[in-house]
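Each chain, letter by letter, is given below.
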Protein chains: 2
Amino acid sequence: MATDQAQSEAADDSYAAFEERVRRIANVSNASGILQWDQEVVMPDEGTPARAQQLSALSAISHELLTADETGELLEELEDSDLEEDQAAVVREVRRKYDRETSVPQELVEEISETTTNAHPAWKQAKENDDFEEFAPVLEKLVELKREYAEHIDPDADPYEVLFSDYEPYIDLETAERVLERLREELVPLIDAVQDSDADLTTDAFAGEFDDDDQEALARDVLDSLGYDWGRGRLDTAPHPFSSGTQFDARVTTRFEEDDLLGSITSTIHEFGHANYTLGLPDEGYGTPLGEARDLSVHESQSRLWENHVGRSRPFWEQFLPTARERFPELEDVSPEAAYESANQVYDDNLIRVEADELTYHLHIVIRFEIERDLIRGDLAVDDVPEAWNDKYEEYLGVRPETDAEGCLQDIHWSHGSFGYFPTYSLGSVLAAQLYAAAEDELGDLDDDIREGDFEALNGWLRENVHRHGKRYTTPELIERATGRELTADPFLEYVTSKYGELYGLEDY
Amino acid sequence: MATDQAQSEAADDSYAAFEERVRRIANVSNASGILQWDQEVVMPDEGTPARAQQLSALSAISHELLTADETGELLEELEDSDLEEDQAAVVREVRRKYDRETSVPQELVEEISETTTNAHPAWKQAKENDDFEEFAPVLEKLVELKREYAEHIDPDADPYEVLFSDYEPYIDLETAERVLERLREELVPLIDAVQDSDADLTTDAFAGEFDDDDQEALARDVLDSLGYDWGRGRLDTAPHPFSSGTQFDARVTTRFEEDDLLGSITSTIHEFGHANYTLGLPDEGYGTPLGEARDLSVHESQSRLWENHVGRSRPFWEQFLPTARERFPELEDVSPEAAYESANQVYDDNLIRVEADELTYHLHIVIRFEIERDLIRGDLAVDDVPEAWNDKYEEYLGVRPETDAEGCLQDIHWSHGSFGYFPTYSLGSVLAAQLYAAAEDELGDLDDDIREGDFEALNGWLRENVHRHGKRYTTPELIERATGRELTADPFLEYVTSKYGELYGLEDY
């Protein structure tokens, strides 16, 4: 007995030391988050040289704390001990990061970091000049470096799978591929049917020019109406809207364009979804994976659920339009139905991902996914990217970009070396629909709630089934527990088929 | 030769390793600065628990980096090498901090930190209840802990001297005492004469109610007119105005009260002085003491120089009043002379330090200095503080506080455990006058420049003689080089005697 107790006390001590280390790493990383928010939102223009050094110091400190021998020793010791479920989850998450960060040589990390620093202006310049050739050598270099990076992590695995798992550690690439293929197969004919329909939707309910200050006031109304906790958040503007922070302080940014009121509303709701997830993480988990959000797909499921299932729904516009009219009396003659139709217009000639609708969006993603996967696997040469891109746009979306600027140079991601990131956007939408369907299975139809601006039941369900768990469960476990099934495109396809079938009067749908 | 070269290369390597460590510490500390700015200015109310942990993690990391054995070894090695002047200055500054931080046991540091965390609400409560007894036990504890702290640093020194040197490392306490005594001796009769004079100054030029937004616009006008670099700065509001940052990003905060337009203008100019010093530090010194400001007295000399020698001067109001009238047409009938007089009114019954004028201010400081010095030395018991305080107010300023709230409980400093901080306020004013006089010696009378809103020559002189040196020289060296003499109250006393003698029509002055 005494020996058992002594062993158990030693394990407690080790876990305490381990947790202290984990908390310190989290705090350094959260400090970086504040510095990044500051840089995007309030930092004076010329602050960059100092900020870059500060961020780089914090990042080096995090890396050194995580990859230190002590971390490895504590991990081994704890993996041999009897741990509580929550403790085991923390150990599992840290082990994963530890293994990845210790397997990649620091020189390679630095080379990638330098190359992406230079790749960004090269990409920007190439896009401005509409000249892929200018970007090609840098892209080539990044592809090589990221292949090398993947090989260090797992020499036996498909390198694209390794890169994908940087963003989505627990969803198999096979699952992701299956979902994306399914989306392509089902959405291409659905979009064709929409484009062939002679439905006459209102598309200009939000046409006009809208003052920035009034847009900001309305964005605050939106956040009020969704129940954003201002005691733990704030709203600012940023060139590329984002949300960041912790459960104690989860901030939203948005942007206002004079001729795009609808865009500012949907973007604000999207970022609310991210922040609302962060705010639902348990306070007591702060500093460990138990208080951190699951990965990109789950995060995106939260933003998409609120943006699309709530913010692009008919009852939402029935509820919210009167508020919008108070800020913008020119909307007096717009009906909720017209607003709903305008918020759900499917484009037939759009080339740009970030301007896409709920349907075509996923074909934009499928195209990027197929191209980057083939690039990393060596099945596609960098020089052939523009043609492959344009061919796929023609095949899947029926439009062919005339320039690289509105083709394969449109997105920033590859210049960051982010290969494997894009699929998480579609997985997020798919999961959003799956979660929303599960919530309605349990709570009943939510339309009445939305029409009354009452989001308590929906948010309570999300808190209970997703948010409060942090990283306690792996993503497949979390999905299975919340929805009773594994990740599937079915609910998403049912949702869009029913919604757009009705909107566009499609008989076969 | 070969050996010399090898030795010199080894020294270069050591210096490079040392500098990298120093830069990392500076970057962590500057990151903390951003987190603190964020907390004061933009953080949501409920963000505190996470922010406290982030700041504490960064502070622990800085401490560990500074006090690590490697730092000590590098210091010893470098102190035995031939270093360039700048390198030697960096080593000197780091050595000083290293010695102090390694000599105080971490448990004591933590105990002080915990005690001050609790002391702050106790002080606040005591002040609200106007009951010194509530604060006395905490103050007693803090005095003991700080004495213990001082003893660890230098068991043979006067403990107050040790504490003072935390804020002002290179000015002898003896020098500070001499200056403060001189101020007391000369200012008491000058203030008496002012109070006895029958001069009829305008004191209500800025009476009225002034809109916050317009005050903010005017604060921006002030900063524009002084030449604040908006590319490296910004203006926000905070409950207790401060300035913080680095040469790449030095921010100003201010506050607006409806009935105190003059206060917001002078406070903005004061904080500009601090930020302008920071912005004058050399870019290439960023991350080492060569790119950091000298200590509190020098920093305060910069804020006071701009606030008092510029912002409370007659030519400033001749220049700036038209701008103020554009924002506030109700100032139409105010003359520059009336504005000047109102900005320089000497109070005869003011008990509150932060509301004091340029003359009585220093007696408020002298009183705090004498009391805290005696407390730390054990020559005054905590319980006797209120009476000692009130007696001194009566003796030096001719007013006796009727309550502790407007007496010895008015300032926050002691609840922070900051004993030895107060003197630097007066030393700052004294040095401001000394620097301003030296600038005028070289550049000629600056009134015409100020009247034209041309601050280039003055600021150029400050950049050249103070700012660009960072911590290259010790404070006495910096003062001697800039002004040709050691720190002296003469220029300050000449300045106030001449200014207030003229304003109040004093014959003997």
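All values derive from a computational prediction rather than experimental measurement. (Residues numbered from 1 in each chain as written. Chains lettered and ligands numbered in written order. Predicted model: local features only at pLDDT ≥ 70, side-chain atom pairs only at ≥ 80, totals over all residues. Heavy atoms only, no water.)

**Observations regarding the overall build of chain A**
- Check the secondary structure of chain A and you find 20 helices and three strands.
- Rg of the C-alpha trace for chain A: 24 Å, near the compact-globule value of 23 Å for 509 residues, within the 12% margin.
- Along the first, second and third principal axes, the C-alpha atoms of chain A reach 75 × 50 × 50 Å.
- Within the span of chain A, comprising 509 residues, buried residues form 58% of the whole.
- Pairs at least 24 apart in sequence give 73% of the contacts found in chain A among residues at least 6 apart.
- Roughly 21,300 Å² of accessible area belongs to chain A as shown, and the carbon and sulfur atoms make up 41% of that amount.
- In chain A, 42 side chains carry a positive charge and 122 a negative one; their mean positions are 3 Å apart. (Helix = DSSP H or I, 4+ residues; strand = E, 2+ residues; numbered from the N terminus. Rg over C-alpha atoms; globule rule 2.2 N^0.38 Å. Buried < 20%, exposed > 50% of the residue type's maximum accessible area, 1.4 Å probe, protein only. Contact = heavy atoms within 4.5 Å. Areas by Shrake-Rupley, 256 points an atom, 1.4 Å probe, with all protein chains shown as cover. Lys, Arg positive; Asp, Glu negative; His and termini not counted. Charge placed at Lys NZ, Arg CZ, Asp CG, Glu CD.)

**A closer look at the relation of the copies chain B and chain A**
- With an RMSD of 0.0 Å, the fit of chain B onto chain A corresponds to turning through 180° and sliding 0.0 Å along the axis. Here the symmetry operator amounts to a two-fold rotation axis.
- Taken as a fraction of all interface residues of chain B, those also at the interface in chain A reach 100%, which identifies the copy contact as same-surface. (Least-squares fit on C-alpha atoms with pLDDT ≥ 70 in both.)

**Structural notes on the environment of A219(B)**
Residues and elements named next belong to chain B.
- Within the secondary structure, A219 is located in helix α9 (residues 212–226).
- The exposure class of A219 is buried, given its relative accessible area of 3%.
- Each C-alpha atom, one on A219 and one on L261, is 9.8 Å from the other, the two residues being 42 residues apart in sequence.
- In contact with A219, other than residues within four places in its own chain, are L235, F256 and T268.

**Quick word on the sheet that holds strand β3 (residues 249–254) of chain A**
All names here are of chain A.
- With mixed pairing, the three strands of this open sheet are ordered in space as β1-β3-β2. Looking at the sheet topology across the chains shown, the edges are occupied by β1 (235–237) and β2 (243–246). Across the sheet, the mean angle from the axis of one strand to that of its neighbour is 25°, orientation sign disregarded.
- Pairing of β2 with β3, which is carried by four bridges, proceeds in the antiparallel orientation. From the neighbouring strand, G245 faces β3, where its bridge partner is A250. (Pairing = 2+ DSSP bridges. Axes fitted to C-alpha atoms, helices over the stretch in contact; angles between N-to-C directions.)

**Examining the sheet that holds strand β1 (residues 235–237) of chain B**
All names here are of chain B.
- Strand order in the open sheet formed by three strands is β1-β3-β2, with mixed pairing between adjacent strands. Taken across any chain shown, the strands that pair with only one partner, and hence form the sheet edges, are β1 and β2 (243–246). Sheet twist, expressed as the mean angle between neighbouring strand axes with direction ignored, is 25°.

**Things to note about the side chain of D404(B)**
All names here are of chain B.
- You can see D404 is positioned in the loop between α15 (385–397) and α16 (423–443).
- It is R400 that comes nearest to the buried, bridge-free D404 among opposite-charge side chains, at 8.9 Å.
- Those residues within four positions of D404 in sequence are excluded, and the remaining contacts are D130, F132, P386, L409 and Q410. (Salt bridge = Lys/Arg side-chain N within 4 Å of Asp/Glu carboxyl O.)

**Focus: the UniProt feature "binding site: Zn(2+)" (unreviewed entry) in chain A**
Residue and element names in this part refer to chain A.
- UniProt tags H270, H274 and E300 as "binding site: Zn(2+)" (unreviewed entry). Taken along the chain, the residues just named run across 31 residues; in space they keep tight, none of their C-alpha pairs more than 8.8 Å apart.
- By the element assignment, H270 lies in helix α10 (residues 261–280).
- On the basis of relative accessibility, which here comes to 12%, the residue H270 falls in the buried class.
- Ignoring sequence-local partners within four residues, the contact set of H270 consists of E300, S303, R304 and E307.
- Along the polypeptide, E300 turns up in helix α11 (residues 296–310).
- Beyond its immediate chain neighbours, meaning those up to four positions away, E300 contacts H270, H274, T424, Y425 and G428.
- Within the local environment of E300, its side chain forms a polar contact with the side chain of H274, the two groups lying 3.4 Å apart. (UniProt positions renumbered as here; feature names shortened; annotations may be inferred. Polar contact = N/O pair within 3.5 Å; in protein donor to acceptor, adjacent residues only side chain to side chain.)

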